[in-house]
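Secondary and tertiary structure notes
Residue strings, one per chain:
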There are 2 protein chains.
Amino acid sequence: MSTAEETAGGETSAWGEVTPDAARRLLIAAVEAFAERGYHATTTRDIAGRAGMSPAALYIHYKTKEELLHRISRIGHEKALDILRVAARREGTAAERLADAVSSFVRWHAGGRTTARVVQYELDSLGPDAREEILALRRQCDAEVRGIVEDGVASGEFDVLDVKGTTLAVLSLCIDVARWFNVDGPWTPDEVGALYADLVLRMVGAGK
Amino acid sequence: MSTAEETAGGETSAWGEVTPDAARRLLIAAVEAFAERGYHATTTRDIAGRAGMSPAALYIHYKTKEELLHRISRIGHEKALDILRVAARREGTAAERLADAVSSFVRWHAGGRTTARVVQYELDSLGPDAREEILALRRQCDAEVRGIVEDGVASGEFDVLDVKGTTLAVLSLCIDVARWFNVDGPWTPDEVGALYADLVLRMVGAGK
DNA sequence: GGGCAGACTAAGCGCTCGCTCACCCTCGGC
DNA sequence: GCCGAGGGTGAGCGAGCGCTTAGTCTGCCC
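Along each chain, residues carry numbers from 1 onward, in the same order as the chain's sequence is written. To read the labels, note that chains go from A and ligands from 1, taken in the order they are written. At least 70 in pLDDT is required for a residue's local features to be given in this predicted model, at least 80 for side-chain atom pairs to be given and counted, and no such filter applies to totals for whole chains, interfaces and linings, which use all residues. As a rule here, side-chain values cover all heavy atoms of the structure and leave hydrogens and water aside.

Moving on, we come to the interface of chain B and chain A. In what follows, residue pairs with any heavy atoms lying within 4.5 Å of each other are defined as contacts. Contacts between chain B and chain A engage 33 residues on the former and 33 residues on the latter. Taken together, both faces of the contact between chain B and chain A bury some 2,700 Å²; the carbon and sulfur share is 59%. What gets called buried area is simply the loss in accessible area from a 1.4 Å probe that two parts show on being joined, summed for both. Area buried by chain B at its contact with chain A is led by Arg179, Arg202 and Met203 of chain B, which between them contribute 21% of it. Here, a salt bridge means any Lys or Arg side-chain nitrogen found within 4 Å of an Asp or Glu carboxyl oxygen. At the junction of chain B and chain A, the tally comes to four salt bridges. Pairing of N or O atoms within 3.5 Å defines a polar contact, subject to two protein rules: one partner must be a possible hydrogen donor and the other a possible acceptor, and residues neighboring in sequence count only if both atoms are side-chain atoms. Inspection of the region where chain B meets chain A yields nine residue pairs in polar contact (both at pLDDT 80 or more).

Contacts to DNA strand C come from 16 residues, most closely from Ser54 of chain A together with Thr44, Arg45, Tyr59 and Lys65 of chain B. The set of elements that each furnish at least two residues to the surface near DNA strand C consists of helix 3 (58-61) of chain A together with helix 2 (44-50) of chain B. Among the residues making up the surface near DNA strand C, the classes are represented as seven nonpolar, six polar and three charged. Near residues are defined by distance, with any heavy atom within 4 Å of the molecule or strand qualifying the residue. Strands are runs of DSSP state E lasting at least two residues, helices are runs of H or I lasting at least four, and both sets are numbered from the N terminus onward. Lys, Arg, Asp and Glu make up the charged group, whereas Ala, Val, Leu, Ile, Met, Phe, Trp, Tyr, Cys and Pro make up the nonpolar group; the residues left over, Gly among them, are polar.

Let us look at the relation of the copies chain B and chain A. Least-squares superposition aligns the copies on the C-alpha atoms of those residues with pLDDT at or above 70 in both. In screw terms, the move from chain B to chain A is a rotation of 180° and a rise of 0.0 Å along the axis, fitting with an RMSD of 0.1 Å. Such a turn and shift between the copies fits a two-fold axis. Comparing interface residues between copies, 100% of those in chain B also lie at the interface in chain A; the contact surface is shared.

To pair, rings of Phe, Tyr and Trp, with the six-membered ring standing in for Trp, must have centres within 6.5 Å; the planes then decide the type, stacked if under 30 degrees apart, edge-to-face if over 60, and tilted in the middle. In this structure the tally under the stated criterion is nine aromatic pairs over all chains. On the numbers, 6.1 Å between centres and 80° between planes, the contact of Trp180 of chain A with Trp187 of chain A is edge-to-face. Trp187 of chain A carries the same exposure label as Trp180 of chain A, and that label is buried. Judged by centre distance (6.4 Å) and plane angle (40°), the rings of Trp180 of chain B and Tyr196 of chain B are tilted. Burial classification: accessible surface area is computed with a 1.4 Å probe over protein chains only, and a residue below 20% of its type maximum counts as buried, one above 50% as exposed, and the rest as partly exposed.

This paragraph deals with the protein's contact with DNA strand D. Near DNA strand D, the surroundings consist of 16 residues, among which Thr43, Thr44, Arg45, Tyr59 and Lys65 of chain A are the closest. Put simply, 53% of the atoms of DNA strand D that lie within 4 Å of the protein are in sugar or phosphate. Contact distances for DNA strand D include 3.4 Å between a base oxygen and a side-chain N or O atom of Arg45 of chain B. Interatomic distance of 2.9 Å between a backbone N/O atom of Ser54 of chain B and a phosphate oxygen of DNA strand D. Listing elements by their share of the surface near DNA strand D, those giving two or more residues are helix 2 (44-50) of chain A together with helix 3 (58-61) of chain B.

Take the pattern of salt bridges next. Within the structure shown, the criterion is met by 44 salt bridges over all chains. Taking the shortest distance from any N to any O, the salt bridge between Glu36 of chain B and Arg50 of chain B comes out at 3.1 Å. Of this pair, Glu36 of chain B sits in helix 1 (residues 21-37) while Arg50 of chain B sits in helix 2; the two residues are 14 residues apart in sequence, bridging distant segments of the chain. Each of Glu36, Arg37, Asp46 and Arg50 of chain A takes part in one network of salt bridges that share partners.

Another point: the domain arrangement of chain A. Residue and element names in this part refer to chain A. Each domain's extent is set by a domain assignment, obtained either automatically or from a database. Assigned domains within chain A: domain 1 (16-62) and domain 2 (72-203). The centre of domain 1, based on its C-alpha atoms, is set 27 Å off from the matching centre of domain 2. At the junction of the two partners, domain 1 supplies eleven residues and domain 2 supplies eight residues. Counting each side, the surface lost to burial between domain 1 and domain 2 is near 790 Å², with a carbon and sulfur contribution of 75%. Per-residue buried area on domain 1 facing domain 2 is highest for Val31, Ala35 and Tyr39; these three make up 52% of the total on that side. Counting the contacts that link domain 1 with domain 2 gives zero salt bridges. If you look at where domain 1 meets domain 2, you find two residue pairs in polar contact (both at pLDDT 80 or more). The residue makeup of the side of domain 1 that touches domain 2, split by class, is seven nonpolar, two polar and two charged.

This next bit is on the environment of His61 of chain A. All names here are of chain A. By the element assignment, His61 lies in helix 3. The class of His61 is partly exposed, set by a relative accessible area of 27%. Leaving out residues up to four positions away in the same chain, His61 has contacts with Pro20, Ala22, Ala23, Leu26 and Glu67.

It is worth spelling out the nonpolar core at this point. Buried Ala, Val, Leu, Ile, Met, Phe, Trp, Tyr and Cys residues that are joined via side-chain atoms within 4.5 Å together make up what is termed a nonpolar core. Grouped together as the largest cluster of nonpolar side chains are 85 residues, with contacts concentrated most on Tyr196 of chain A together with Tyr196 of chain B. The residues touching Tyr196 of chain B, leaving out its near neighbours within four places in the chain, are Ala169 and Ser172 of chain A together with Val102, Val106, Leu173, Val177 and Trp180 of chain B. Core analysis: the next-biggest nonpolar cluster, separate from the first, contains 26 residues, Ala23, Leu27, Ala35 and Tyr39 of chain A among them.

Written as structure tokens, this is what we have:
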């Protein structure tokens, strides 16, 4: 509720649940480094340095560099799923719920671009087990959005040719915001969220 | 028109212009390796091995590993720009040209997913100079699509709130196909191209 | 104030990386 | 048949990687 949303490096949220203070600082440092240079190009020395610690300190709190990515990825996906769930299960028409889901999901990808980039684009750097765990969360995200689209089709609000394909396109559109969004660019996260909600409603033929 | 589109490793095209035969084999090997594991996780030994050569052979044809990525990126972006230019400059209404641009651009990203993945997602691995050269090509891609959208708005075919934002969303949607498309999945590149052309026409308020 | 647990560091191990170098084939011109 | 050039190789360099280990510092219970 009163969690700090901004740090020097950019956005931050919800890392409050990571409990030893040093472990949290290392995690945030890792998010920033992975987002900037990618997982494989980031060294453990770089992460530790950003957190103001020696390279060895990392291994007191995490077993491997991959465990850092795994933890970041799981927390991030849980947050993303939470956002979509809240929007999908609120009161309102399918159009209202879809617009809510898209605008809040996009706001998260734009405002939390650093985190979202790692979460969405470094999945392949995980080992098979961790990867499969994260993919399960991702399928749940897909199911939440598809549920809204199906509701809209059933109620006649939406006019959609291919529910599965359209759902995928909607999620794809939102996720890719993390790739191109620039905090110094012409839009705020709110503006992109509003624009995208409108575009998505047009995609599902919700009506005028 | 009659260029070979498929190889054992997946899709390939247009690499015919890379002239010493060994250099072309190395380039294709690099595309496959970069697409699978990412630039930084790929070793020069892996690239050379895929091309059936010793690690040292790579340095006869390319100065560094980065030069391989640079060459791949430039050729790929030139191909992408060419696709968009052909669609933008053909005869027809703005809606026809936009649908053509989207469906052919999406087909390239889906069918040539290996190449497209490298081209679209490994840009940050380039040095500043090479990166800037590629970004210039990317801005030209953006301009081609924006031109079609502006034509449609001017002629009254389209109903768009934010031309710049909508153009970005259209390109973003197409590019992200390279991230999720799976050759073993339920759709062919042609089907995704047709679905996306329909979705994009809805986004710009064409027709109906 | 002695002892001990936990957080942290300096130093460095073993390995693999991008890249180089000394050498070796093969082949066309004379 | 000898020569030179260009494409190729095996071995290995210096560097930097992920990670470990021996030891230090700090604070707290008795």
